[in-house]
Amino acid sequence: MLRCDAAVDMLLDARDGTLSLQGRQALERHLSQCPSCTAFQRSYERSIALTAQTLAVKLPPQAKARIQALLHQRLDREIA
Ligand SMILES: [Zn+2]
């Protein structure tokens with residue numbers, strides 16, 4: 001079985017979208033058998049969501065719109 005420190009690294013890569021299919025499968029297997037990493041994953045996802053909410057509240061509407069427009073442009077470029 002994958003070690004927990006490797007699983008945590010893979011979690012971060014999975015979040016960034018840089019984890020291979022094989023890596024994701026190994027991570028899923030580890031998470032299905034490791035309560036500690038599952039708990040870490042849950043708290044990690046929650047932290048990201050909370051951070052996003054905090055940023056959403058603090059960003060002025062114009063800045064938020066500009067960031068959204070930039071992200072859409074970038075996504076459109078990656079999809080095309
Ligand atoms: Zn683990």
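Anything mentioned here points back to the structure above.
Attention in this report is confined to the structure presented alongside it. (Residues numbered from 1 in each chain as written. Predicted model: local features only at pLDDT ≥ 70, side-chain atom pairs only at ≥ 80, totals over all residues.)

**A short note on the overall build of the protein**
Heads up, the rule is: In DSSP terms, a helix is any run of H or I states spanning at least four residues, a strand is any run of E spanning at least two, and both are numbered starting from the N terminus. Put simply, the radius of gyration uses C-alpha atoms, and a globule should come to 2.2 Å times the residue count raised to 0.38. Every C-beta atom is placed from the backbone, and the number of other C-beta atoms within 10 Å of a residue's own sets its class: buried at 20 or more, exposed at 12 or fewer, partly exposed in between.
Scanning the protein from terminus to terminus reveals four helices and zero strands. Traced from its N-terminal end to its C-terminal end, the protein shows the element sequence α-α-α-α. Against the 2.2 N^0.38 benchmark of 12 Å for 80 residues, the protein shows a C-alpha radius of gyration of 16 Å, more extended than a compact globule. With the principal axes as the frame, the protein shows a C-alpha extent of 50 × 30 × 15 Å. When each of the 80 residues of the protein is scored for burial, the buried share is 6%.

**A word on the packing of helix 1 (residues 4-16) against helix 3 (residues 35-58)**
Between two packed helices, what matters for the description is the angle formed by their axes and the separation of those axes. The line we're drawing: Geometry is summarised by axes, namely lines fitted to C-alpha atoms with helices restricted to the contacting stretch, and by angles between N-to-C directions that run from 0 to 180 degrees. When an angle is under 35 degrees it counts as roughly parallel; over 145 it counts as roughly antiparallel; between 65 and 115 it counts as roughly perpendicular; any other value is oblique. A crossing counts as left-handed when the near helix is turned anticlockwise from the far one by less than a right angle, and as right-handed when that turn is clockwise. In this description, any two residues whose backbone-derived C-beta atoms lie within 7 Å of each other are considered to be in contact. Residues are sorted three ways: Asp, Glu, Lys and Arg are charged, Ala, Val, Leu, Ile, Met, Phe, Trp, Tyr, Cys and Pro are nonpolar, and all the rest, Gly among them, are polar.
Where helix 1 meets helix 3, the closest approach of the two axes is 10 Å, and the angle between their N-to-C directions is 25°. Considered as vectors, helix 1 and helix 3 are oriented roughly parallel to each other. In this structure, helix 1 meets helix 3 at a crossing whose hand is right-handed. Facing helix 1, whose interface residues are Cys-4, Ala-7, Val-8 and Leu-11, helix 3 presents Ser-36, Cys-37, Phe-40, Gln-41 and Tyr-44. A breakdown of the residues in the contact of helix 1 with helix 3 according to their chemical character gives seven nonpolar, two polar and no charged.

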